[in-house]
Amino acid sequence: MSTPAVRLQAISERFGAVQANREVSFDIAAGAVHGLVGENGAGKSTLMAILYGYYQADAGHIEVQGRRAQIGNSHQAIALGIGMVHQHFMLVDTLTALDNLLLGAEPDWRLPRARAAVRARAEALMAETGLAVRLGQPVEALPVGERQRLEILKALYRGARILILDEPTAVLTPQETEQLFGTLRRLRDAGTTLLLITHKLKEIMALCDAVTVMRQGHVVLDCPIADTSLDQLAEAMVGRRVNLGRQDGAAPPA
């Protein structure tokens, strides 16, 4: 069996009286798209904040590429090859796309040389992945889908081999969503590990290789996507049978 890209082992985290994560354990296979789903408050965002170094777990540990990792902040996560694309983009609107890539990762103290080096690397990444970003445009002039591609490009430029995407289709049109899925499949095929946080179960079924469902801080389902269904995912999320065939999507009366 191959070494997982990430192994989460008995992760627990409490905020005052709220137990956000309760001994959460699962593996994320290398070079796969892994879905993480759950209702609001299920604990999935807290878990990803721990993986990216925003929080430190009260208990448990993380392994990255088979080695136990201490992730005290996002810089340490990036150094381990972990990148994150947030639902609310972390870009400077008044700077160009190129300067957003450059910011905080300057390869040379001489700005013209630094810009040239970043542009060359970015153009190579765009050719490899199919990401299309107009590097000379200010971020505020870019449509939402292109801003998201810039966020992905920024993570890859910083060396991400494991990419967390938080509700990536929430602000996209259907056409932009299809373009994103094409990009993610190309990244997976090139060996990037993708962790997709979403509540859209049809997207999980369409894109992911495996899925983990959380409810009230626990893992309640963890399996290959071929071993589950929309109905099973919905039931695991809410803890009761859900009739997805009904027009309003509501659960039947108890």
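Now for a description of the structure that goes with this document. (Residues numbered from 1 in each chain as written. Predicted model: local features only at pLDDT ≥ 70, side-chain atom pairs only at ≥ 80, totals over all residues. Heavy atoms only, no water.)

1. Some remarks on the overall build of the chain
Argument step 1. Within the chain one finds eight helices and 10 strands.
Argument step 2. A compact globule built from 254 residues should have a C-alpha radius of gyration of about 18 Å, and the chain, at 19 Å, falls within 12% of that.
Argument step 3. Counting across all 254 residues of the chain, residues that qualify as buried make up 47%.
Argument step 4. Summarising the internal contacts of the chain: among those between residues at least 6 apart in sequence, 60% fall at separations of at least 24.
Argument step 5. Of the roughly 12600 Å² that the chain leaves accessible, carbon and sulfur atoms contribute 50%.
Argument step 6. Across the chain, the 26 positively charged side chains and the 27 negatively charged ones have centroids separated by 2 Å. (Helix = DSSP H or I, 4+ residues; strand = E, 2+ residues; numbered from the N terminus. Rg over C-alpha atoms; globule rule 2.2 N^0.38 Å. Buried < 20%, exposed > 50% of the residue type's maximum accessible area, 1.4 Å probe, protein only. Contact = heavy atoms within 4.5 Å. Areas by Shrake-Rupley, 256 points an atom, 1.4 Å probe, with all protein chains shown as cover. Lys, Arg positive; Asp, Glu negative; His and termini not counted. Charge placed at Lys NZ, Arg CZ, Asp CG, Glu CD.)

2. A look at the nonpolar core
Argument step 1. Counting residues in each nonpolar core, the largest one holds 47 residues, and the members touching the most others are L135, I152, L153, L163, L165, I204 and V211.
Argument step 2. Looking at this core, the element that brings in the most residues is helix α5 (residues 144-157), giving six residues.
Argument step 3. Residues within four places of I204 in sequence aside, it is in contact with G35, L36, V37, L196, T198, V211, I225 and L233.
Argument step 4. Listed in part, the 26 residues of the second largest apolar core include V24, L36, I50 and Y52. (Core = buried A, V, L, I, M, F, W, Y, C linked by side-chain atoms within 4.5 Å.)

3. A few points about the sheet that holds strand β9 (residues 210-215)
Argument step 1. Within the open sheet, the six strands sit side by side as β6-β7-β8-β3-β9-β10. Their pairing is mixed. A strand with exactly one partner marks an edge of an open sheet, and here the two such strands are β6 (82-85) and β10 (218-224). Taken over all neighbouring pairs, the strand axes of this sheet differ in orientation by 15° on average, direction set aside.
Argument step 2. In this fold α5 packs onto β6 and β7 (162-166), with an angle of close to 170° to the strand it touches most, β6.
Argument step 3. With respect to the sheet, helix α8 (residues 230-238) is in contact with β3 (33-37), β9 and β10, its orientation differing from that of β9 by roughly 30°. (Pairing = 2+ DSSP bridges. Axes fitted to C-alpha atoms, helices over the stretch in contact; angles between N-to-C directions.)

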